[in-house]
Amino acid sequence: MTEPHLKSAPVAYENEPFLSSPDGRVLRILAEYQEPLARFRREQIQDTVVFFGSARFHASKDAATNLATIEKNSAGASGAELQTELKRAQAGVDMARYYEDARKLAFMLTKWSIQIPARRRRFVVTTGGGPGIMEAANLGAHEAGGKTIGLNIQLPFEQYPNQYITPSLNFQFHYFFMRKFWFAYLAKGLVIFPGGFGTMDELFEILTLAQTDKLAKKILVIIYGSEYWKSILNFQAFVDAGAVSPHDLDQFKFVDSPDEAFAFLRDGLTKYHLGGAPKKDGEVMPEIAKTRP
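Residues numbered from 1 in each chain as written. Predicted model: local features only at pLDDT ≥ 70, side-chain atom pairs only at ≥ 80, totals over all residues. Heavy atoms only, no water.

Student: Please explain the overall build of the protein chain as it appears in this structure.
Tutor: In terms of regular secondary structure, the protein chain is built from 10 helices and 7 strands. With respect to the three principal axes, the spread of C-alpha positions in the protein chain is 85 × 60 × 45 Å. Taking all 293 residues of the protein chain together, the buried fraction comes to 43%. For the protein chain, the share of sequence-separated contacts (at least 6 apart) that also reach a separation of at least 24 residues comes to 74%. Total accessible area computed for the protein chain in this model is approximately 16,400 Å², and 55% of it derives from carbon and sulfur atoms. Looking at the protein chain, you have 34 positive and 33 negative side-chain charges, and the mean spots of the two groups are 5 Å apart. (Helix = DSSP H or I, 4+ residues; strand = E, 2+ residues; numbered from the N terminus. Buried < 20%, exposed > 50% of the residue type's maximum accessible area, 1.4 Å probe, protein only. Contact = heavy atoms within 4.5 Å. Areas by Shrake-Rupley, 256 points an atom, 1.4 Å probe, with all protein chains shown as cover. Lys, Arg positive; Asp, Glu negative; His and termini not counted. Charge placed at Lys NZ, Arg CZ, Asp CG, Glu CD.)

Printed below as a string of structure tokens:
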């Protein structure tokens, strides 16, 4: 007679309740490090240029259509409601130029980078993977014929993968800090377009890493749209108050056109990151960008 026995328990790495529990958090965190690393190696991504900016800006055509629709359907709205909607729609039209500029700059950068003779892909346009400025940069890189990365994250609104991300480089993160790690770890350049709280967070995080010498590389930082940013932030006030050193403001450059931004990136990336041959006999170039231990 066969002895009764229990059904076999799942092995730990297939135990979904455990993996989703607080005790499984460390494994989820490690997965958000190792899985992207494996894909970047498989896709031969050596380094990136990251575009940040508002998820709420639209292409010029879409912004103009939205404004025209509000004006056409304004009969049923109260005066205050109508003025608020019109003000927002007009702002959308005004800010749409940044969508178009991000698209053009990503196109120019990608056209240049895919012609660099290298074993791995250099300076790949990377975004947070969502709409707005992120979509514009992914679109420009896609139109140029290059691969382009989207580091998406689960949010209650605004965040969904745009259609221009290279499918094999479309990532979804749960942990903000792991997503930020991948933004910083591979980046050789950062382009900050007008945006909100998230954009400011990402800008100051990179500036802080550079200021405190936590990056074993030169990251070129462009702040795009001086009119917008100088109305939001008074960087000189940091220096005047003694909160930062005057030379800390040399960590970034204001630009106002795709051509100016591209020239700065091309020249800086060439100077700091296209040295060519290994420096010592037997030394190999890194597969991906490195940071300090």
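Moving on from the model shown.
Student: Could you clarify how one ought to interpret unusual backbone geometry in this entry?
Tutor: Keep in mind that most residues, glycine aside, have a negative phi and that most peptide bonds are trans. Although it is not a glycine, glutamine 44 adopts a positive phi angle of roughly 60°. The residue glutamine 44 is located in the loop between helix H2 (25-42) and strand E1 (48-52) in this model. Residue classification places glutamine 44 among the partly exposed positions, given a relative accessible area of 40%. Phi angles above zero are rare outside glycine, and aspartate 213 is one such case at about 60°.

Student: Could you clarify how one ought to interpret the pairing of strand E6 (residues 220-224) in this entry?
Tutor: Each regular strand displays side chains that alternate between the two surfaces of the sheet. Burial of E6 is extensive: 5 of the 5 residues sit out of reach of the surface. Side chains of E6 alternate between two faces, with Leu220, Ile222 and Tyr224 and Val221 and Ile223 buried alike. Pairing between strand E5 (residues 187-192) and E6: 4 bridges, direction parallel. The residue of E6 that forms the bridge with leucine 190 is valine 221. (Pairing = 2+ DSSP bridges.)

Student: Would you explain the environment of arginine 179 in this entry?
Tutor: Structurally, the position occupied by arginine 179 is in helix H6 (residues 176-186). We classify arginine 179 as buried; its relative accessible area is 5%. Along the primary structure arginine 179 and isoleucine 153 are separated by 26 residues, whereas in three dimensions their C-alpha atoms are 7.6 Å apart. Within the local environment of arginine 179, its side chain forms a polar contact with the backbone oxygen of leucine 151, the two atoms lying 2.6 Å apart. (Polar contact = N/O pair within 3.5 Å; in protein donor to acceptor, adjacent residues only side chain to side chain.)

Student: So what exactly am I meant to see when it comes to a nonpolar patch on the surface here?
Tutor: A cluster of nonpolar side chains, contributed by Val26, Leu27 and Leu30, occupies part of the molecular surface with about 260 Å² of accessible area. Counting through the fold element by element, valine 26 comes out in helix H2. We classify valine 26 as partly exposed; its relative accessible area is 49%. (Patch = residues over 30% accessible without salt bridge, like charges linked within 9 Å, V, L, I, M, F, W, Y side chains within 5 Å. Salt bridge = Lys/Arg side-chain N within 4 Å of Asp/Glu carboxyl O.)

Student: Just to check I follow, could you spell out the nonpolar core for this structure?
Tutor: Of all hydrophobic cores here, the largest spans 65 residues; its most connected members are Phe40, Phe51, Trp182, Phe193 and Leu265. Among the elements that take part in this core, helix H4 (residues 79-113) stands out by supplying 9 residues, more than any other. Excluding anything up to four places from it in sequence, phenylalanine 51 contacts Ala102, Leu105, Ala106, Leu109, Val125, Thr126, Thr127, Gly128, Ala137, Val191 and Phe193. (Core = buried A, V, L, I, M, F, W, Y, C linked by side-chain atoms within 4.5 Å.)

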